[in-house]
Amino acid sequence: MKAIRVRAFGPPEVMRLEEVPDPSPGRGQVLVRIRAAGVNPVETYVRSGAYARRPALPYTPGNDAAGIVEAVGDGVRGVSAGDRVYTSETVSGAYAELALCDETRVHPLPSSASYAQGAAVGVPCATAWRALFQRARAVPGETVLIHGASGGVGIAAVQIARAAGLRVFGTAGTADGIALVLRVGAHTVFDHRSEGHMEEAMAATGGRGFDVILEMLSNVNLARDLKTLAMGGRVVVIGSRGTVEIDPRDTMARDASIVGMSLFNMPDADRAVVHAALVAGLESGTLRPVIGRELPLSAAPESHVTVMSPGARGKIVLVP
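Below: a short report on this structure. (Residues numbered from 1 in each chain as written. Predicted model: local features only at pLDDT ≥ 70, side-chain atom pairs only at ≥ 80, totals over all residues. Heavy atoms only, no water.)

Considering the overall build of the protein
Here is step 1: Across its full length, the protein carries 10 helices and 15 strands.
Here is step 2: Its C-alpha atoms give the protein a radius of gyration of 20 Å, near enough to 20 Å, the size a compact globule of 320 residues would have.
Here is step 3: Here the C-alpha coordinates of the protein stretch approximately 60 × 40 × 35 Å along the principal axes.
Here is step 4: Counting only residues that meet the buried cut, the protein has 52% of its 320 residues in that class.
Here is step 5: Distance between charge centres in the protein, computed from 32 positive and 31 negative side chains, equals 0 Å. (Helix = DSSP H or I, 4+ residues; strand = E, 2+ residues; numbered from the N terminus. Rg over C-alpha atoms; globule rule 2.2 N^0.38 Å. Buried < 20%, exposed > 50% of the residue type's maximum accessible area, 1.4 Å probe, protein only. Lys, Arg positive; Asp, Glu negative; His and termini not counted. Charge placed at Lys NZ, Arg CZ, Asp CG, Glu CD.)

Structure below.
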């Protein structure tokens, strides 16, 4: 089979398309023929060697994919050859024609969802659901601000929050991005290129502030976020590319909380809850991943440049 291989940590060009042996499923494992693989920012950090968790070299990047079950190993009961599935983690890497997964990391993909949409579920949608309900403990009627709402996590968070009865505000950096976020369900969207956009956002709440803020770029926004929280508000730190200075008194004045999260820390019991909810959303149509670009597997280096560039409009997927 063809697969992207990384033999040394470094820039995107270290990813190369190679011919490798087809994997075989062991006990408790599922072999998936990949129809689409999702590209996530975390994969760029791992590839560069800057992430805390480093895989053994050489490796194939990626955990998010969708496709058809090719074969199952001994002891697998939940899925069968021919099933449409999406993955939330792989053993062998998703940037490939075939991927090995543990049975618990393979989930049903409803016929109403495309393979590209299935490849957009694992990290983005699970991050959004966990951030909203397991970390921020958001409840219907609350108000949420989603930074970077035109990206993969942001779009999922908008749809999930809106379906759950929250009042949804977002930020985006282009006219197309703003239009997209409104189209997928946000009540109001602000242009984060505008110097006063956080003041506009605060005013849109009637001066009350936000119950929940999902923060994708904490090193830029966190200090301002704390000044726009409602009493008892929570900021969930989903992403950061550096350090930031805050005034702790902003948390004291509002009984506010700053909560971090990483999917790598999610217990299996929480993971089962998250993916049960995501499958239900795909089935009902309340969760509709938006695909920004589909690229061939050989364009993996280009995909890593694109996913880290501003102006996101949906999910980037690789097609073997």
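Side note on the environment of Asn221
Here is step 1: Along the chain, the position of Asn221 falls in helix H7 (residues 218-227).
Here is step 2: Along the sequence, Asn221 and Thr243 sit 22 residues apart, while their C-alpha atoms lie 11 Å from each other.
Here is step 3: For Asn221, the side chain forms a polar contact with the side chain of Glu215, separated by 3.0 Å. (Polar contact = N/O pair within 3.5 Å; in protein donor to acceptor, adjacent residues only side chain to side chain.)

Overview of the nonpolar core
Soluble globular proteins tend to bury their nonpolar side chains together.
Here is step 1: The biggest cluster of nonpolar side chains holds 44 residues, and the ones touching the most others in it are Val144, Ile160, Leu214 and Leu278.
Here is step 2: Within the residue set of this core, elements represented by two or more residues are helix H3 (122-135), strand E8 (143-146), helix H4 (152-163), strand E9 (167-172), helix H5 (175-183), strand E11 (210-215) and helix H9 (268-284).
Here is step 3: Apart from the residues lying within four places of it in its own chain, the contact partners of Ile160 are Cys125, Ala128, Trp129, Leu132, Phe133, Leu278 and Leu287.
Here is step 4: In terms of nonpolar packing, the next biggest core, distinct from the first, is built from 28 residues, Met15, Val32, Val39 and Ala299 among them. (Core = buried A, V, L, I, M, F, W, Y, C linked by side-chain atoms within 4.5 Å. Contact = heavy atoms within 4.5 Å.)

Comments concerning the environment of Pro289
Here is step 1: Among the secondary structure elements, Pro289 is positioned in the loop between H9 and strand E14 (291-296).
Here is step 2: Judged by relative accessible area, Pro289 falls into the buried class, the value being 9%.
Here is step 3: Considered as a pair, Pro289 and Gly152 are 137 residues apart in the sequence and their alpha carbons are 7.6 Å apart.
Here is step 4: If sequence neighbours within four positions are ignored, Pro289 has contacts with Gln117, Ala120, Val121, Cys125, Gln159 and Leu282.

Focus: the sheet that holds strand E13 (residues 257-260)
Here is step 1: A sheet is described by the order of its strands in space; here 6 strands give the open sequence E10-E9-E8-E11-E12-E13, paired in parallel fashion. Two strands close off the open sheet at either side, each with one partner strand: strand E10 (188-191) and E13. Going across the sheet, the axis of each strand differs from the next one's by a mean of 20°, ignoring polarity. (Pairing = 2+ DSSP bridges. Axes fitted to C-alpha atoms, helices over the stretch in contact; angles between N-to-C directions.)

Focus: the side chain of Ser88
Here is step 1: In this fold, Ser88 is placed in the loop between strand E5 (84-87) and strand E6 (98-102).
Here is step 2: Engagement of the side chain of Ser88 in a polar contact is seen with the side chain of His107, the distance being 2.8 Å.

A look at the state of the cysteines
Here is step 1: Enumeration according to the criterion identifies 0 disulfides in this entry.
Here is step 2: Of all cysteine sulfurs, the one in Cys125 lies closest to Cys101, which takes part in no disulfide; the gap is 17 Å.
Here is step 3: Taking the relative accessible area as the measure of exposure, Cys101 reaches 0% and is therefore buried.
Here is step 4: A relative accessible area of 3% means that Cys125 is categorised as buried. (Disulfide = S-S within 2.5 Å.)

Focus: the pairing of E5
Here is step 1: Where strand E4 (residues 65-72) and E5 come together, 4 bridges link them in antiparallel fashion. Bridge pairing in E5 links Ala65 to Thr87.
Here is step 2: Both E5 and strand E7 (residues 106-108) contribute to a ladder of 3 bridges, which runs antiparallel. Paired with Val85 across the bridge in E7 is Pro108.

Brief notes about a nonpolar patch on the surface
Here is step 1: Taken together, the side chains of Val244, Ile246 and Ile258 make up a nonpolar region of the molecular surface, amounting to roughly 200 Å² of accessible area.
Here is step 2: Position of Val244 among the secondary structure elements: in the loop between strand E12 (229-237) and helix H8 (249-254). (Patch = residues over 30% accessible without salt bridge, like charges linked within 9 Å, V, L, I, M, F, W, Y side chains within 5 Å. Areas by Shrake-Rupley, 256 points an atom, 1.4 Å probe, with all protein chains shown as cover. Salt bridge = Lys/Arg side-chain N within 4 Å of Asp/Glu carboxyl O.)

Section: unusual backbone geometry
Here is step 1: Residues Leu57 and Pro58 are joined by a peptide bond in cis, for which omega reads -10°.
Here is step 2: Tracing the sequence through the fold places Pro58 in the loop between helix H1 (41-48) and E4.
Here is step 3: Positive phi is not limited to glycine here, since Arg137 has a value of about 55°.
Here is step 4: Tracing the chain through its elements places Arg137 in the loop between H3 and E8.
Here is step 5: Since its relative accessible area comes to 60%, Arg137 is described here as exposed.
Here is step 6: For Asp255, which is not glycine, the phi dihedral falls at a positive 50°.
Here is step 7: Structurally, Asp255 is set in the loop between H8 and E13.

Re H1
Here is step 1: Regarding H1, the residues found buried are Glu43, Thr44, Val46 and Arg47. For H1, the buried positions fall inside an angular range of 165° around the axis, keeping them on one side.
Here is step 2: Positioned one or two residues after H1, Gly49 has a phi angle of 90°, which is positive. (Arc of directions from axis to C-beta.)

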